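# Observations on chain architecture
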Amino acid sequence: MALRFCATGHIQQVIGDLRGFSQPTACRCINKVCRALAGLLHEFVQFPSTRREQLVNIQQFYNIAGFPGVAAGIDGTHIEIICPTRQYGEIFRNRKGYFSINVLVAVDARGKILFIDVRHPGRVHDSTCFDRSALKVMFEEHLVEGLLIGDNGYANYTYLLTPFVIKTCEEEVLYNDCHIATRNCVERFFGRWKKKFGCLKTCRHNHIDNTISIVCASAVLWNIHINLNHSNDHDIQNLIIEDEAMAIPPLPGMSGLQYRLAFVREHFTL
């Protein structure tokens, strides 16, 4: 029942396909399974634990467009929900006018989810979601090797690089082109994730607690799907780490904007 619901997102279709069950029974079963899967989130959604795995992840990003040092691409997506309460409902209304939660996701080059945060209402901006997340702490404390890349909705840090809004030289144009091509894995991930799990498109019929369980459960199932598809990938296991794939470390006291300029001079000078 739960797998059928995650794929279609329609409880009536589940009941029709699996005859002999009432709607309340199906809802209870789906809710229990989704909550059980959500309880496994930290087991299946995490950054690579060993240095070798982290370096392989960086090399896979580098192979896309030659952008060095990337550990994950980040972005946010809105999952529609029912208005929680009249008193607090407006904080969940996003800029497009509907009620949602803003889900922060970090993915690797294959589209595997490395981090997900489902705590913020739709009114909260993407950059605020990141500033309040454990992901920011992980990179500030250097618990993960590499950089994050995001769009211009985020501030620029020494561990989070964004594109140039105004490009003043050919090196910055090249940097932007490589940045966009590399970050495209995040955009493609959202399309693939929502296409495989139709339940993410029909959460507008669910209350916020159930929606959070469904989103976390779909993240676990998605990573299981990615792991199974790449479990025998010998090219990844035997991947050679190139020195060019590594980013230069920031100097003490260097701001995010200063680091980005130094990063461009080091890696994108024509």
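Our subject in this report is the structure included herewith. (Residues numbered from 1 in each chain as written. Predicted model: local features only at pLDDT ≥ 70, side-chain atom pairs only at ≥ 80, totals over all residues. Heavy atoms only, no water.)

### Quick notes on the overall build of the protein
When helices and strands are tallied, the protein shows 11 helices and five strands. On C-alpha atoms alone, the protein measures out to a radius of gyration of 20 Å, which is about the 18 Å that the 2.2 N^0.38 rule sets for 270 residues. C-alpha extents for the protein along the principal axes are approximately 65 × 45 × 30 Å. Taking all 270 residues of the protein together, 49% fall into the buried category. Of the contacts formed within the protein by residues at least 6 apart in sequence, a portion of 66% connects residues at least 24 apart. Accessible surface, the protein: about 13600 Å² in total, of which carbon and sulfur atoms supply 54%. (Helix = DSSP H or I, 4+ residues; strand = E, 2+ residues; numbered from the N terminus. Rg over C-alpha atoms; globule rule 2.2 N^0.38 Å. Buried < 20%, exposed > 50% of the residue type's maximum accessible area, 1.4 Å probe, protein only. Contact = heavy atoms within 4.5 Å. Areas by Shrake-Rupley, 256 points an atom, 1.4 Å probe, with all protein chains shown as cover.)

### Focus on the packing of aromatic side chains
In this structure the tally under the stated criterion is 16 aromatic pairs. Centroid distance F47 to F139: 5.8 Å. Interplanar angle 75 degrees. Geometry classified as edge-to-face. Of this pair, F47 sits in the loop between α4 (41-44) and α5 (51-65) while F139 is found in helix α7 (residues 134-140), placing the two residues 92 residues apart along the sequence. Judged by its relative accessible area of 9%, F47 is buried. With a relative accessible area of 2%, F139 lands in the buried category. A centroid spacing of 6.2 Å and a plane angle of 85 degrees characterise the contact between F130 and Y154, whose relative ring orientation is edge-to-face. Taken together, the positions of F130 in helix α6 (residues 126-131) and Y154 in the loop between β4 (147-149) and β5 (160-161) put the pair 24 residues apart, joining distant regions of the chain. Both residues of the pair, F130 and Y154, count as buried. (Phe/Tyr/Trp six-rings, centres within 6.5 Å; stacked < 30°, edge-to-face > 60°.)

### Focus: the sheet that holds strand β1 (residues 70-80)
Spatially, five strands are ordered β3-β2-β1-β4-β5 in an open sheet, and the strand pairing comes out mixed. Of all the strands in the sheet, just β3 (113-121) and β5 have a single pairing partner and so form its edges. Relative to β5, β4 is paired through two bridges, and the arrangement is parallel. Opposite L148, over in β5, you have L160 as the bridge partner. On the sheet, α5 packs against β1, β2 (100-107) and β3 and is oriented at approximately 80 degrees with respect to β1. (Pairing = 2+ DSSP bridges. Axes fitted to C-alpha atoms, helices over the stretch in contact; angles between N-to-C directions.)

### Structural notes on the pairing of β2
When you tally the buried positions in β2, you get eight out of eight residues, the bulk of the element. Here β2 shows a buried face lined by S100, N102, L104 and A106 and a second buried face lined by I101, V103, V105 and V107. Inspection of the sheet shows β1 paired to β2 by eight bridges, in the antiparallel sense. Paired with H78 across the two strands is N102, which belongs to β2. Relative to β3, β2 is paired through six bridges, and the arrangement is antiparallel. Following the sheet pairing, L104 is matched in β3 by D117.

### Considering helix α11 (residues 256-267)
For α11, with 12 residues, the first-to-last C-alpha span of 16 Å sits near the 16 Å given by 1.5 Å per residue. Buried within α11 we find G256, Y259, R260, A262, F263 and V264. For α11, the secondary structure elements touched by its buried residues are β4, β5 and α8 (170-196). (Expected span 1.5 Å × (residues − 1).)

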